[in-house]
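Here is what each chain is made of, one letter per residue.
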Amino acid sequence: MSLVRPLALVATTLLVGAGQLAAQCGTASTFYASVNSNLSGVANPLGAAAAAPAVTQQAAFTSAATGAGCAVSTFGFTGMASDKDWTGNVALAPGLTGSVSVIDPTANSLTHIFTKRDFGAYGTGAGGTSDPYFLLWDSGDDKTTGAFRLSFNNPVYGFGFYGTDGGDVSPRSTYSYRLNGTGAYTAFHGTVARVSGNLFWWGIISDKPIESIDIQTSYAWDRLGMDDWTVVYDTDGPSEVVPEPATMTLLATGLVGMAAARRRRREANG
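Described in the following lines is the structure provided in the data block.

Calculation criteria
Residues numbered from 1 in each chain as written. Predicted model: local features only at pLDDT ≥ 70, side-chain atom pairs only at ≥ 80, totals over all residues. Heavy atoms only, no water. Helix = DSSP H or I, 4+ residues; strand = E, 2+ residues; numbered from the N terminus. Buried < 20%, exposed > 50% of the residue type's maximum accessible area, 1.4 Å probe, protein only. Contact = heavy atoms within 4.5 Å. Areas by Shrake-Rupley, 256 points an atom, 1.4 Å probe, with all protein chains shown as cover. Core = buried A, V, L, I, M, F, W, Y, C linked by side-chain atoms within 4.5 Å. Polar contact = N/O pair within 3.5 Å; in protein donor to acceptor, adjacent residues only side chain to side chain.

Brief notes about the overall build of the protein chain
So, point 1. Secondary structure assignment for the protein chain yields 3 helices and 14 strands.
So, point 2. For the protein chain, the proportion of its 270 residues judged to be buried stands at 44%.
So, point 3. Taking all contacts inside the protein chain whose residues are at least 6 apart in sequence as the whole, residues at least 24 apart take part in 82%.
So, point 4. Of the accessible surface of the protein chain, which amounts to about 12400 Å², a share of 55% is contributed by carbon and sulfur atoms.

Right under this line is the structure:
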């Protein structure tokens, strides 16, 4: 049996197994802007001049993703049941489902779907239109931390949303995130005082697959309105594998072995 084919197989396996996926949807980056104005009484808050910084960041998030050849889809909670506790699944894009679950039950975390404007939160409306539906995250009444998880049935490469009213109570709540259920949380909103009814956009594009995202509050008495959940996903499947330096060394060693095997084979055959 020739050694060439097995060695070629080993070299190929090393290349695929030890390599890393190339960035799918652009350079890893975050997008954030907060508007410290009360827009809860405005019929179309995203159309207000004061909302421009947040709207601009949402547009930059979308542009970065689509510019890298990825798809973007927005879920606005329209038509969902109102005034009830809710955890469950939402259809974020064709073939892409998000599942909401409480991951810090000690804080009595609840997710509510509301149609009324409550605690200064309001629906922003997908596409900038007025829409009263939004997710109101009430993370409990015991004034401790609380967290929930949004898991994806297929990996995504970005997630963002409009937030309202967060960080306006005393002591001020800080909102943080982490990806894939590991590592420390990173703060993204509430690090400075905000007024009731404030608006912000926050989003992240990752160079690695996102299977879940956890959102945490440092003070459970605060409420956060969330709308226009936006996901970034690759419609073409995984990109080509980019080998690591060590992999290239192993590959070169395998190729040298293949050459030596060919030479011995020629010498044996006369």
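We are not done yet, so read on.
Let's talk about unusual backbone geometry
So, point 1. With a phi angle near 75°, Asp 165 is a residue other than glycine that sits in the positive phi range.
So, point 2. Relative to the elements of secondary structure, Asp 165 occurs in the loop between β9 (146-164) and β10 (175-179).
So, point 3. Owing to a relative accessible area of 2%, Asp 165 belongs among the buried residues under this scheme.
So, point 4. The backbone of Asn 180 sits at a positive phi, close to 60°, despite the residue not being glycine.
So, point 5. Position of Asn 180 relative to the elements: it lies in the loop between β10 and β11 (186-189).
So, point 6. For Asn 180, a relative accessible area of 32% translates into the label partly exposed.

Some thoughts on the nonpolar core
So, point 1. Counting residues in hydrophobic clusters, the biggest one holds 32 residues, and the most contacted among them are Phe 152, Phe 159, Trp 202 and Trp 229.
So, point 2. When residues of this core are traced back to their parent elements, those giving at least two are β3 (71-75), β5 (89-93), β6 (96-102), β8 (134-138), β9, β10, β12 (199-217) and β13 (223-233).
So, point 3. Of all hydrophobic cores here, the second largest spans 17 residues; its members include Leu 46, Ala 54, Phe 61 and Tyr 122.

Examining the side chain of Ser 206
So, point 1. As for its position among the elements, Ser 206 is in strand β12.
So, point 2. On the basis of relative accessible area, Ser 206 is assigned to the buried category, the value being 10%.
So, point 3. Polar side-chain contacts of Ser 206 include one of 2.9 Å to the backbone oxygen of Lys 208.
So, point 4. Beyond its immediate sequence surroundings of up to four residues, Ser 206 is in contact with Ala 28, Tyr 157 and Leu 179.

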